[in-house]
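Close look at the chain arrangement
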Amino acid sequence: MRALLGVELPGYRPVADDTWANDRDDVMSLHFFALPPDLPAGLDDGPALRNALTHHTARAGGGLIEASVKKLGELPALRQILKLPLPDRPSGQAFIGSFTVPRAGCSTVVKIQALEQGMTGMREAVVLAKVGPQDYFRTHPYAPDVQGGLPFHVADHAQWDAEFPDHPLTRVRRALDALAQAVSVTPDFAALPPFACPVARG
């Protein structure tokens, strides 16, 4: 089912079915899953949802930078940005942003991925020098008890994007903002029953 329209943003060219790339090799892709969503909590339970997603991302070796519920078209969507270490490289990270639009029996996801290339860690080094080591690393606001994965720190905050306009994290945020303005939901998808997280059984 084609669930979203308007994903083809300016500056991106088709490279495969439902996949686009730009001149920076940022990749945008559209996915449809004909299965009940496996979200760990409902979109109306933000604290539980963010806490579970933080732990899930850390177990995968990454770090959840931000997660919130926003409208995509006319439907509520989970907006996430996370970071993962680049495989087979001694340094560098991949930044992945997504909107997940869940319905009762299926979901659609639009995802943008941008990789660090060349010299890595410049944003982190500059912000660390500005704020000092004591204020750089923070307890994760969504899950203070999270262990493992990539650390939560202030350099990933959106307040630094203007100073680093070409950084992959900045590019991911910019693409998500553009998608929020451009994307609409097809009537058939919008008419499906809404998502409700199953009640956990003790």
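All figures in this text were calculated on a predicted structure; none of them were measured in a lab. Throughout, a residue's number is its position along its own chain's written sequence, starting from 1. It should be noted that, the model being predicted, local features are given only for residues of pLDDT at least 70 and side-chain atom pairs only at 80 or more, the latter also being counted only at that level, while totals for whole chains, interfaces and linings use all residues. Computation of side-chain values covers all heavy atoms of the structure but excludes hydrogens and water.

1. Considerations on the pairing of strand β2 (residues 13–16)
So the rule is basically this: By the convention used here, strands pair only if DSSP detects at least 2 bridges between them. Strands here are runs of E lasting at least two residues and helices are runs of H or I lasting at least four, both read from the DSSP assignment and numbered beginning at the N terminus.
Relative to strand β3 (residues 19–21), β2 runs antiparallel, the two being bridged by three bridges. Pairing of P14 across the sheet is with W20, part of β3. Counting the residues in the hairpin turn of β2 and β3 gives two residues, including D18, whose phi is positive at 55 degrees.

2. Re the packing of aromatic side chains
For the record, the criterion: Between 30 and 60 degrees the pair is tilted, below 30 it is stacked and above 60 it is edge-to-face, where a pair is any two Phe, Tyr or Trp rings, Trp via its six-membered ring, whose centres lie within 6.5 Å. Any residue under 20% of the maximum accessible area for its type is buried, any over 50% is exposed, and the rest in between are partly exposed; the area is computed with a 1.4 Å probe on protein chains only.
Enumeration over the complete set of coordinates arrives at one aromatic pair. Both rings, one in Y136 and one in F137, keep their centres 4.8 Å apart while their planes meet at 90 degrees; by these two values the pair is edge-to-face. Residue Y136 is classed as buried on the basis of its relative accessible area of 4%.

3. Here's the deal with the sheet that holds strand β4 (residues 27–33)
This is how the line gets drawn: All axes here are fitted lines through C-alpha atoms, helices being fitted over the stretch that makes contact, and every angle between N-to-C directions spans 0 to 180 degrees. Residue contacts follow a heavy-atom distance rule, with two residues in contact if any of their heavy atoms lie within 4.5 Å.
The seven strands are arranged β2-β3-β4-β8-β7-β6-β5 in an open sheet whose pairing can be described as antiparallel. Looking at strand neighbours, the two that pair on one side only are β2 and β5 (63–72), the edges of this open sheet. Averaged over all adjacent pairs, the angle separating strand axes in this sheet is 25 degrees, with direction ignored. For strand β7 (residues 93–102) and strand β8 (residues 107–115), the ladder comprises nine bridges, and the chain directions are antiparallel. Counted as the bridge partner of T100 is V109 from β8. Running at roughly 140 degrees to β5, helix α1 (residues 46–59) makes contact with β5 and β6 (75–85) of the sheet.

4. A look at the environment of V185
You can see V185 is positioned in strand β9 (residues 184–185). With 35 residues separating them along the chain, V185 and L150 place their C-alpha atoms 34 Å apart. Contact partners of V185, with chain neighbours within four places excluded, come to A3, L4, L72, G73, E74, L75 and A190.

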